Amino acid sequence: MCRHWCQELTPIVVSVRDMSDNATSSITPFRIEIPQQDLDDLRDRLRRTRWAPELPGTGWERGVPTGYLRELACYWADGFDWRAREKELNELPQFTTTAGGTRLHFLHVRSAEPGAVPLLLLHGWPGSFAGFLELVGPLTDPAAHGGDPADAFHLVIPSLPGYGFSGPPPSAGWTDGSTAAALAELMPRLGYERYGVHGGDVGALIAPLMGRIAPERVIGVHVNALLTFPEDDPAVMGSLNERERGRLAAMKRWQEDQSAYMRLQGTRPQTIAAALHDSPSGQLAWIVEKFKEWTDPAVALPHEAADRDDILTDVSVYWFTGTAGPAAHTYFERFNDPGMWAPKPRGSVPTAVAVFPTDFSVRPLAERSHHVVRWTEFERGGHFPALEAPDLLAGDLREFFGER
């Protein structure tokens, strides 16, 4: 017999109902207001964590050390001020709308400069829209940050479907192409007939798709953490220089040693969802491991590469919205989307690739699929440049879109 507590379990779901065209295309102001009971529940769960024992003499090579995780979780429970972060986020204009049959949450920050370029910023996993906060001021108001007013942008920063305050994909089969189409629907709705797109990680998959879906609207695609895969063509592979071959070797080591998260999310997303949805310490470990492995290799610990409160803001967004599972399911769709892996014509939209020290991007391979017109390699930063090196990322965006 199912006990009372079991009978009351319900999933966190944002329902999508049939609406008229006018209602569907409406744009509604949005504020983040996490109930106090959710904050109290988080603290209670963190304080009652059953900590995993460790083998003596082991460290990060086996995953997140319990000592590090425990210290960070204790700070999350008793030191981190979510309300301060919530207030900071709510100072920026936020909205929701329905596109492609799902709810989209997004920041829309317009510059005071009349000639500002509309720019869509796309996060990846385990990122969120909040990871771009350091870019908002420098990009929308460059004059106030020592820059040229001519380099200003109007910013649109969505939570990707399945992430954060956007709705989950409305059904199985929602692919990266579905997300790209929904975002391509959003931008003209905001009054932007021509715009640029930047994306990192998952965003670096979606941004080029937007260029393929709407090449007449997308003025340029800018990406970091672009994946480039070895080719069957011996001539292409034989032309790679030593540094490029080294990046492919590093990607192979990554696939062998660091891609377990991707295999699990891509094959059994509901299983990992059960663990992450119930345990904030587990959710923290799942994400902070990536801030260790993917950030600037010159630093030793995650909070030395990205601010501790920034990391916990990101993790908190996943926890409070219950989106560990929906985000994992997007990997399953990616793994099982034939169109994702089918050969495609080379993209026509001008593309810039920013390469940070942890990236595996190889230019000759990127040029086979993308119209690469700018390639910039940086000596500091990592997989999360908007958090680790926002000055470098902002500068590269300005220079690239300033030429469009």
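Quick note: structure is the one above.
Residues numbered from 1 in each chain as written. Predicted model: local features only at pLDDT ≥ 70, side-chain atom pairs only at ≥ 80, totals over all residues. Heavy atoms only, no water.

J.: For the overall build of the protein, give the residues involved together with the corresponding values.
T.: Helix and strand counts for the protein stand at 20 helices and nine strands. Against the 2.2 N^0.38 benchmark of 22 Å for 404 residues, the protein shows a C-alpha radius of gyration of 21 Å, consistent with a compact globule. In the protein, buried positions account for 54% of the 404 residues. Put simply, of all contacts in the protein between residues at least 6 apart along the chain, 74% involve residues at least 24 apart. Surface exposure of the protein reaches about 18,500 Å², of which carbon and sulfur atoms provide 52%. Of note, the protein has its 38 positive side-chain charges centred 3 Å away from the centre of its 53 negative side-chain charges. (Helix = DSSP H or I, 4+ residues; strand = E, 2+ residues; numbered from the N terminus. Rg over C-alpha atoms; globule rule 2.2 N^0.38 Å. Buried < 20%, exposed > 50% of the residue type's maximum accessible area, 1.4 Å probe, protein only. Contact = heavy atoms within 4.5 Å. Areas by Shrake-Rupley, 256 points an atom, 1.4 Å probe, with all protein chains shown as cover. Lys, Arg positive; Asp, Glu negative; His and termini not counted. Charge placed at Lys NZ, Arg CZ, Asp CG, Glu CD.)

J.: Explain the pattern of salt bridges residue by residue, including any values.
T.: Applying the stated rule across the entire model yields 25 salt bridges. Across the salt bridge formed by Glu88 and Arg85, the nearest N and O atoms sit 3.5 Å from each other. Here Arg85 and Glu88 lie together in helix α5 (residues 82-90), a separation of three residues that amounts to about one turn. Take Glu88: its relative accessible area is 34%, and that puts it in the partly exposed class. (Salt bridge = Lys/Arg side-chain N within 4 Å of Asp/Glu carboxyl O.)

J.: I'd like to hear about a nonpolar patch on the surface, residue by residue, with values.
T.: On the surface, Leu227, Phe229 and Trp341 cluster together into a nonpolar patch covering about 320 Å² of accessible area. Note on placement: Phe229 falls in the loop between β7 (218-224) and α9 (234-238). (Patch = residues over 30% accessible without salt bridge, like charges linked within 9 Å, V, L, I, M, F, W, Y side chains within 5 Å.)

J.: Talk me through unusual backbone geometry; I want residue IDs and the actual numbers.
T.: The residue after Trp125, namely Pro126, is reached through a cis peptide bond having omega 0°. Counting through the fold element by element, Pro126 comes out in the loop between β4 (117-122) and α6 (133-140). Positive phi outside glycine occurs at Ala225, with the angle close to 60°. Relative to the helices and strands, Ala225 resides in the loop between β7 and α9.

In short, the description is geometric, and any link to function would need to be established separately.
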